[in-house]
Structure formats: structure tokens, C-alpha cells
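# Geometric and topological summary
Listed below are the residues making up each chain.
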Amino acid sequence: MIGLTVLGATGSIGASTLEVAALHPDRFAVRALTASTQWQRLAELCSRHRPKYAVLMDDDAAEQLRSRLADAGLGTEVLCGSEGLCRAATLEDVECVMAAIVGAAGLDATLAAARAGKRVLLANKEALVMAGPLFMHTVQRSGATLLPVDSEHNAVFQCMPEGYRTGGAAPGVEQIMLTASGGPFREWPLARLDAASPEQAVAHPNWVMGRKISVDSATMMNKGLEVIEACLLFGVEPAAVKVVIHPQSVIHSLVRYRDGSVLAQLGQPDMRTPIAHALAWPERIDSGVEPLDLIETGKLEFEAPDPRRYPCLELAYQAAAAGGTAPAHLNAANEVAVAAFLRGKARFTDIAVAVEQVLQALPPEPAEDLETIRAADRRARELAARAVVSKRRGAR
Ligand code: NAD
Ligand code: MG
């Protein structure tokens, strides 16, 4: 039995992970589930998966969950706060940790899992983007296995030379091509983007995802974070990572080799496929996903991203090239601006403007320790909050 912790169990990736694990009860035993404050949803998951531990970030929510689980006669112990998260990520009888918390909030627990030498299934790209080289060194030192769940990186990993491990060199690989759907505003007139609403931004054409990553897909900051993620996971420079818009989201990414061969991974746009791949690697298990029907798909299209429509993509390339704390600044500013947009406090187009202002205001520093990274994250959040407020005043 493989002991499994799901960090961010109530989210979109968390739900898909538990669905795949439930198809293989003889293979996976769920030991710990975590969420931010959604205790009712976590209570349901506890009765279905019977973990030893459940973790919430809020005392009141944890108390509610405790009494609900006691009423149901479940033996799950409820922990609280970031200590609880790190405990869940490092349990002795857990081999496999799904890192599916959204944003910088997932950094400590994901890093703890890596430090403890677990098999880390990485969905929480923001943690890797923030802590980049520190994260990868931690993985190397502890002997942890880092497997990408992000569909593009999982696809690239599947197209890498046999025996490839993340962080290592990939002989013969010349370019990584990340595909992007282009999001819901791919065909909108540019002048209308100012007026895009949160509901329109989260209505992704192909994937059903959490709200933050859905907005990131609409701005293509998601692809920008993924460029940085790819540089770290596959040990390449930003110039070797190319982004291609592919509206059908059937090719999940590609690798071009020196001899001209281009390998791609295809499948339904359903996260259960990369999740099942990472859960069972190097074996293959059933994911519950329908087979891909290419005749029904009909055609596969490709286009270059328009920098005027997706300024966040270029900002991410800049942060990747600058290195040090720049990716942490980029990520923090984006989290703040996206949250403001989702609360109706900023326009869609303010997101890129706020991120750009923060990158310009904060010179990157070497990011060798966690304290420096946390300080960079805090500083960028403060500046981004101010940038968003001043934009709002300007708009009135
Ligand atoms: P989501 O919003 O659906 O779920 C987020 C989870 O994190 C929830 O369980 C929530 O309770 C928990 N959480 C939120 N804030 C927290 C905090 N402060 N402390 C502790 N826990 C907290 O998000 P999602 O779409 O499942 O995405 C999760 C991660 O996976 C993100 O980093 C995203 O970029 C990445 N990812 C998602 C998809 C997808 O298809 N949804 C694809 C690729 C990568
Ligand atoms: Mg992705």
C-alpha cells in the first residue's frame, strides 16, 4: 500500500487525485487530507477516504470538523495551521504527497515533503516558481522524487529520454514547447479586455480548474509561471522554452530533439491523466479518463501568442531571465492582483500593469534562503496591493 497525503484536498486537483486513488483501493491508502477552511467538504472527504489526519488552517473550522467527525464516529485526528500541514506532508507512513494547495500558501508544506524525501507530485507551481533553485537543491539533497502534475510538464516529462529524472540534464533535447489554450479571451477584441468580468475570466474553454489558475490562464500568466517551472524542472534556459497556442488542448506539450524529432503527449484535457501518471510512475494505471478520439477532435491548430493580448507572458520571461527573487516578486504581485480582480476591486487589464510595476520597483536579489524568498514575497505583496489601489483610484 502507498500512503498518500493530499495537500489541498478540497480543490479541483485534490478532488481529481482522490477520484483516481479511489479507483485503486488496493494500491493507495489516504493518510492525510488538508484544506484551508472548507470543513464541511473536508468532513465528506474524511468519511469517504478515512484518513488518519485532517488539517485545516482555521481554528474555528478545525473545531467544527472535530465535532462533526466525532458525531460520525470517525477516528480522524484534526490538526490546525501550517504546523499541521507540514506534519501531514512528512508522515512516516506516507510515501506520496500531492502538493495541490494554490499559491504561495503551499510553499512550506511542499518544501517539507521534499525535505523529507517523499515522492512529491507537484501541482502547486507557485511554490516552485517562488523558491526555484532552493526547491530543486532540496529535492536533490534529500533524494525526493519530484514528478510534475501540471499537464504541460507532465507531458514534457513523458517525452523526455528514458530514465530521465526532473532536475537532470536531458541529452539531445533542444527545445521544450509548452502548449496553451489561449483562455477565454483569445478572440476578444483587445479594447474589450478592460471590461472582462471575473465570471467571464474563470469560464475556461477546455479545463475545469480553481478560480485563481483560471484567471491566470486568461492572462496567460499561468503559461508564464509554467515557463519558469519548466526551466527549473528540466534544467533549461528560458530561451529554450517556447509557448504555442493550441486551442484544442489535446497536445499537452512537446519536446524537440537535436535530430529534428518532435515528441508530443496527447490526451483528453482532463487532469486525472497526469495525476494517474504521477501517482503510479513508472507504471501506468487506469485514470478513469475516456480514450482520446482523434477523428472526433478533427483538427489541431497552432498560433503564436500575441504580446499585446498577453503581456503577463513577457513579464514572466523577464522574471525568469532576471532570476533570484524576481520570480517570487512576479508570483506574489500576480496573486495579489488576481485576488483583487476576483473581488471586483481591479480590472482584468490591471493585473499585468500591477505585476509590471512591482517588477520594475523591486530589483532582484539572490534567492538562496527561505527568509530572503519570504521577504521578497511580502514586499511584492505590499507593493502590488498599493498598485492595485492606485489603479482603482485612477479609474474613477
Ligand atoms: P483550488 O482553488 O480548486 O484548490 C486549492 C486548494 O488549496 C483547496 O483545497 C484549498 O482549501 C487549499 N488552500 C487555499 N488556500 C490555502 C491556504 N492559505 N492554506 C492552505 N490551503 C489552502 O485550486 P486548483 O485548481 O486545484 O489548483 C491547485 C494548484 O494546482 C495550483 O497551484 C494550480 O496552479 C495547480 N494546477 C491546477 C490545475 C487544475 O486543473 N486545476 C492544473 C495544473 C496546475
Ligand atoms: Mg498547466
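None of the values given here were measured: they were computed from a predicted structure.

This brings us to the state of the cysteines. For the coordinates displayed, the defined rule picks out 0 disulfides. Unpaired in this structure, Cys-231 has its nearest cysteine sulfur neighbour in Cys-159, at a distance of 17 Å. Looking at Cys-312, it has no disulfide partner, and the nearest cysteine sulfur is the one in Cys-231, 17 Å off.

Turning to the pairing of strand β3 (residues 53-56), a few remarks are in order. Covered by surrounding structure in β3 are Tyr-53 and Val-55 together with Ala-54 and Leu-56, the residues of both alternating faces. As a crossover connection, the stretch from strand β2 (residues 28-34) through helix α2 (residues 39-49) into β3 is right-handed. By the bridge criterion, 4 bridges tie β3 to strand β4 (residues 77-80) in an arrangement that is parallel. Directly across from Leu-56, in β4, lies its bridge partner Cys-80.

Bringing the sheet that holds strand β8 (residues 173-180) into the picture now. Taking strand neighbours across the sheet as the criterion, the 4 strands line up as β9-β8-β10-β11 in an open arrangement whose pairing is mixed. Taken across any chain shown, the strands that pair with only one partner, and hence form the sheet edges, are β9 (241-245) and β11 (262-266). Neighbour-to-neighbour, the strand axes of this sheet turn through a mean angle of 20°, independent of strand direction. Across the sheet, helix α10 (residues 221-234) lies against β8 and β9, angled at about 150° from β8, the strand it touches most.

Taken together, 23 residues lie near ligand 1, and Thr-10, Ser-12, Ser-36, Glu-126 and Gly-210 sit nearest. Gly-8 has a polar backbone atom sitting 3.3 Å from an oxygen atom of ligand 1. Contacts to ligand 1 include Gln-38, whose side-chain N or O atom sits 3.0 Å from an oxygen atom. Computed on the free molecule, ligand 1 has an accessible area of 820 Å², of which 86% lies beneath the protein chains in the complex. Put simply, the parts of the chain that give the shell around ligand 1 at least two residues each are α1 (12-22) and α6 (125-142). Among the residues making up the shell around ligand 1, the classes are represented as 12 nonpolar, 8 polar and 3 charged.

Here we take up the packing of aromatic side chains. Per the stated rule, a full pass over the model turns up 6 aromatic pairs. Each ring, one from Tyr-164 and one from Phe-234, has its centre 6.3 Å from the other, and the planes form 45°; the classification is tilted. Linking Tyr-164 in the loop between α7 (151-159) and β8 with Phe-234 in helix α10, this pair joins segments that are 70 residues apart in sequence. An identical accessibility class is assigned to Tyr-164 and Phe-234; each is buried.

With that settled, consider the sheet that holds strand β5 (residues 96-99). Across the sheet, which stays open at both edges, the 7 strands sit in the order β4-β3-β2-β1-β5-β6-β7 with parallel pairing between neighbours. Only two strands of the sheet have a single partner each, and these edge strands are β4 and β7 (145-148). Neighbour-to-neighbour, the strand axes of the sheet open up by a mean angle of 25°, direction not taken into account. Each of β1 (2-7), β2 and β5 touches α1; the most contacted strand, β1, lies at about 160° to it. Each of β3 and β4 is contacted by helix α3 (residues 59-71), which is oriented at about 180° to β4, the strand it contacts most.

Let us now look at the coordination of the magnesium ion (ligand 2). Coordination of the magnesium ion (ligand 2) by the protein comes from Asp-150 (OD), Glu-152 (OE) and Glu-226 (OE), over a distance range of 2.1 to 2.2 Å. Here the donor residues of the magnesium ion (ligand 2) are spaced in sequence according to D-x1-E-x73-E. Like Asp-150, the residue Glu-152 is buried in the burial classification.

Our focus in this paragraph is the packing of helix α9 (residues 211-219) against α10. Look at α9 against α10: their axes get within 5 Å of each other, and the N-to-C directions meet at 95°. When the interaxial angle is binned, α9 and α10 end up roughly perpendicular. Within the contact between the two elements, α9 uses Lys-212, Ile-213, Asp-216, Ser-217 and Thr-219 and α10 uses Met-221, Asn-222 and Leu-225. For the contact of α9 with α10, the class distribution of residues is 3 nonpolar, 3 polar and 2 charged.

Thresholds applied
- Chains are numbered independently. Their residues run from 1 in the order of the written sequence.
- Each chain gets a letter, beginning with A, and each ligand a number, beginning with 1, in the order they are written.
- It should be noted that, the model being predicted, local features are given only for residues of pLDDT at least 70 and side-chain atom pairs only at 80 or more, the latter also being counted only at that level, while totals for whole chains, interfaces and linings use all residues.
- Values reported for side chains reflect all heavy atoms of the structure, with hydrogen atoms and water molecules removed beforehand.
- Note that a disulfide, as used here, is simply two cysteine sulfur atoms within 2.5 Å.
- With a 1.4 Å probe rolled over the protein chains alone, any residue whose accessible area is under 20% of its type maximum counts as buried; one over 50% counts as exposed, and the rest are partly exposed.
- Only DSSP runs of H or I covering at least 4 residues are called helices, and only runs of E covering at least 2 are called strands; the numbering of each starts at the N terminus.
- Crossover handedness is defined by viewing with both strands directed away from the observer: a clockwise path from the first strand over the helix to the second marks the crossover as right-handed.
- At least two DSSP bridges between two strands are required for those strands to pair.
- A fitted line through C-alpha atoms serves as each axis, taken over the contacting stretch for helices, and the angle formed by two N-to-C directions is quoted from 0 to 180°.
- Residues are treated as being in contact if the distance between any of their heavy atoms lies within 4.5 Å.
- Whether a residue is near a molecule or strand depends on its heavy atoms: if one lies within 4 Å, it is near.
- Residues adjacent in sequence count toward polar contacts only when both atoms are side-chain atoms; beyond that, a polar contact is any pair of N or O atoms within 3.5 Å, and within protein one must be able to donate a hydrogen and the other to accept it.
- Computed with the Shrake-Rupley method and a 1.4 Å probe, the accessible areas treat only the protein chains shown as cover for residues.
- Asp, Glu, Lys and Arg are counted as charged, while Ala, Val, Leu, Ile, Met, Phe, Trp, Tyr, Cys and Pro are counted as nonpolar; the rest, among them Gly, fall into the polar class.
- Note on aromatic pairs: the rings of Phe, Tyr and Trp (six-membered ring only in Trp) are paired at centre separations within 6.5 Å, and the planes decide the class, stacked below 30 degrees, edge-to-face beyond 60, tilted for the rest.
- Think of the donor list as every N, O and S atom within 2.8 Å of the metal, or within 3.2 Å for Na, K and Ca; water never makes the list, so a site can look incomplete.
- Here the word oblique covers every angle except those under 35 degrees (roughly parallel), over 145 (roughly antiparallel) and from 65 to 115 (roughly perpendicular).

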